[in-house]
Amino acid sequence: MKKKIYSQIFVAFVCALLGFFLAYQFKLLSIKDKNSVDKNKNSADVLAEIESLKKEKDELQKQNSKLFDDLKGIEEEAAKGGNITKEMKNQLEKSRMIIGSSDVKGPGVILYLTPKSTVFSASDSDYITDEELIHVVNLLNYSGAEAIAVNDIRITPQTGIKFASNYIWIGNNDRVSPKDKITIKVIGDKTNLEGGLNFIGALDYGALGRSYDKKISPSSEISISKSTQKMSTDNMTIDNK
């Protein structure tokens, strides 16, 4: 009788122990599944936000393009009224070209910056940063550049250039990799632009001199697209004094 009781107690103990282990395993699985769901949810949220921002940017660009088209139509209608209005229209068109809000074309040069073989490059310090790119843009402006685009990203009077996370950021949304070939299109007087770029030491600044092959190609017609960057005038007004 006692043996039977002991056997029942032992079986109950084993069942309780197994129940505990099973409950513990289920709890671990539940926690793991919850974490997995949270991670997937976070990833999905990030992807959804990125997609939303892309759509918002595209929509803003469409709205800007429509506004520019509407304004151009109004100007053309107004220009039919007389020579003074036509002169105002011409000045507005010139202003748009200067600030980068219109597509432009003209003679100039194309500068190609190609990283040399990695065999000759020891580290990331051998790649250009914002310093070298700002140097090139400043050199081109000094040589009479009228319009500049880096990898088809238009440079405007409000375009900032900054190195971060192994990329050279141009404006707020665009970037170029210093490890890839960089193409710089420039519209202006070809002779002056070539002279500035070929000046002794002009393209030997920093990593440009030791880690990149440079090629300058003059062209009778270069096309540069308008900027997608929003221009800000929130804190300035016309000074009429």
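Residues numbered from 1 in each chain as written. Predicted model: local features only at pLDDT ≥ 70, side-chain atom pairs only at ≥ 80, totals over all residues. Heavy atoms only, no water.

## What about the confidence of the model for the protein chain?
Summary statistics for the protein chain give a mean pLDDT of 78 and a share of 61% for residues scoring 70 or more. Across residues 2-29, where pLDDT falls below 50, the model places zero contacts with residues more than four positions away in sequence or in other chains. (pLDDT = per-residue confidence, 0-100. Contact = heavy atoms within 4.5 Å.)

## With respect to the environment of Ala 145
One can find Ala 145 in the loop between α3 (130-142) and β2 (147-150). Residues Ala 145 and Val 186, 41 residues apart in the sequence, show an inter-C-alpha distance of 6.3 Å. Excluding residues within four positions of it along the chain, Ala 145 makes contact with Leu 140, Val 186, Ile 187 and Leu 193. (Helix = DSSP H or I, 4+ residues; strand = E, 2+ residues; numbered from the N terminus.)

## Let's talk about the sheet that holds β2
Taken together, five strands build an open sheet; the order of strands is β3-β2-β7-β1-β8 and the sheet is antiparallel. Each of the sheet's edge strands pairs with one partner strand only, and the pair in question is β3 (153-154) and β8 (212-224). Across the sheet, helix α4 (residues 190-197) touches β1 (104-115), β7 (182-187) and β8, and the angle it forms with β1 is around 20°. (Pairing = 2+ DSSP bridges. Axes fitted to C-alpha atoms, helices over the stretch in contact; angles between N-to-C directions.)

## Details of unusual backbone geometry
Phi at Asp 152 is positive, roughly 65°, even though this residue is not glycine. Positionally, Asp 152 belongs in the loop between β2 and β3. Under the relative-accessibility criterion, Asp 152 is labelled exposed at 56%. Look at Asn 166: it is not a glycine, yet its phi comes out positive at around 70°. By secondary structure assignment, the location of Asn 166 is in the loop between β4 (161-164) and β5 (167-170). (Buried < 20%, exposed > 50% of the residue type's maximum accessible area, 1.4 Å probe, protein only.)

## Quick look at the pairing of β4
As judged from the four bridges shared by β4 and β5, these two strands associate in the antiparallel manner. Bridged to Lys 162 within β5 is Trp 169. Hairpin connection from β4 to β5: two residues lie between these consecutive antiparallel strands, with Ser 165 at a positive phi of about 55°.

## What to know about the sheet that holds β5
As summarised here, the arrangement of the three strands in space is β4-β5-β6, forming an open sheet in which the pairing is antiparallel. If you trace the sheet from one side to the other, it starts and ends with β4 and β6 (174-176), each paired once. Taken over all neighbouring pairs, the strand axes of this sheet differ in orientation by 30° on average, direction set aside. Across the sheet, α3 lies against β4 and β5, angled at about 160° from β4, the strand it touches most.

## Re the pattern of salt bridges
Summed over all chains, the structure comprises two salt bridges. For Asp 126, the salt bridge goes to Arg 210, with nearest N and O atoms at 3.2 Å. With Asp 126 in the loop between β1 and α3 and Arg 210 in helix α5 (residues 207-211), this residue pair connects regions lying 84 residues apart in the sequence. We note a salt bridge from Asp 152 to Lys 185, for which the minimum N-O separation is 3.2 Å. Linking Asp 152 in the loop between β2 and β3 with Lys 185 in strand β7, this pair joins segments that are 33 residues apart in sequence. (Salt bridge = Lys/Arg side-chain N within 4 Å of Asp/Glu carboxyl O.)

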